[in-house]
Amino acid sequence: MIHLRVVSPPDITDALVPELRAEPAVMNLAVLRSAVGKPAGDVVQFDVLQGAADDVISRLRVLTAVALAGLPAQRAIWRRSRGPTGRGG
């Protein structure tokens, strides 16, 4: 299991959340609206089965790249946390 945290503008969050809800490998989805102040955005956290993580991240990166096309770079921040084994995901 890998824990992922995404910081995204609210309009991108509206597109991300349905994608994550539809993904069977995603669990423990939490959306914290307006949790980030600089730049303003939402926090989306979830766990994904390790074997599906690369596919889920790839699809979400495509989705955010399309949504971010007209926005400054680095508005969406991806971070993988260490799993229960202490190794990076």
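A. Looking closely at the pattern of salt bridges. Throughout the structure, instances matching the rule amount to 3 salt bridges. We note a salt bridge from glutamate 23 to arginine 59, for which the minimum N-O separation is 2.2 Å. Note that glutamate 23 is positioned in the loop between helix H1 (10-22) and strand S2 (26-37) and arginine 59 in helix H2 (residues 53-67), a separation of 36 residues in sequence. Taking the shortest distance from any N to any O, the salt bridge between arginine 33 and aspartate 42 comes out at 3.2 Å. For aspartate 42, a relative accessible area of 1% puts it in the buried group. Taken together, the salt bridges that share partners define one network made up of Asp14, Arg33 and Asp42.

B. Summary view of the side chain of threonine 13. When you line up the elements, threonine 13 lands in helix H1. A distance of 2.9 Å separates a polar atom in the side chain of threonine 13 from a polar atom in the side chain of aspartate 42. Not counting the four nearest positions on each side in its chain, threonine 13 is found in contact with Ser8, Pro18, Val31, Arg33, Asp42 and Val44.

C. Up close: unusual backbone geometry. Here the amide bond leading from lysine 38 into proline 39 is cis, since omega sits at -5°, within 30 degrees of zero. Of note, proline 39 is situated in the loop between S2 and strand S3 (40-48). One non-glycine residue, asparagine 28, lies in the positive phi region at around 55°. The exposed category is assigned to asparagine 28, whose relative accessible area is 57%. A positive phi angle, near 55°, is found at serine 34, a position not held by glycine. You can see serine 34 is positioned in strand S2. For serine 34, a relative accessible area of 63% puts it in the exposed group.

Thresholds applied
Residues numbered from 1 in each chain as written. Predicted model: local features only at pLDDT ≥ 70, side-chain atom pairs only at ≥ 80, totals over all residues. Heavy atoms only, no water. Salt bridge = Lys/Arg side-chain N within 4 Å of Asp/Glu carboxyl O. Helix = DSSP H or I, 4+ residues; strand = E, 2+ residues; numbered from the N terminus. Buried < 20%, exposed > 50% of the residue type's maximum accessible area, 1.4 Å probe, protein only. Polar contact = N/O pair within 3.5 Å; in protein donor to acceptor, adjacent residues only side chain to side chain. Contact = heavy atoms within 4.5 Å.

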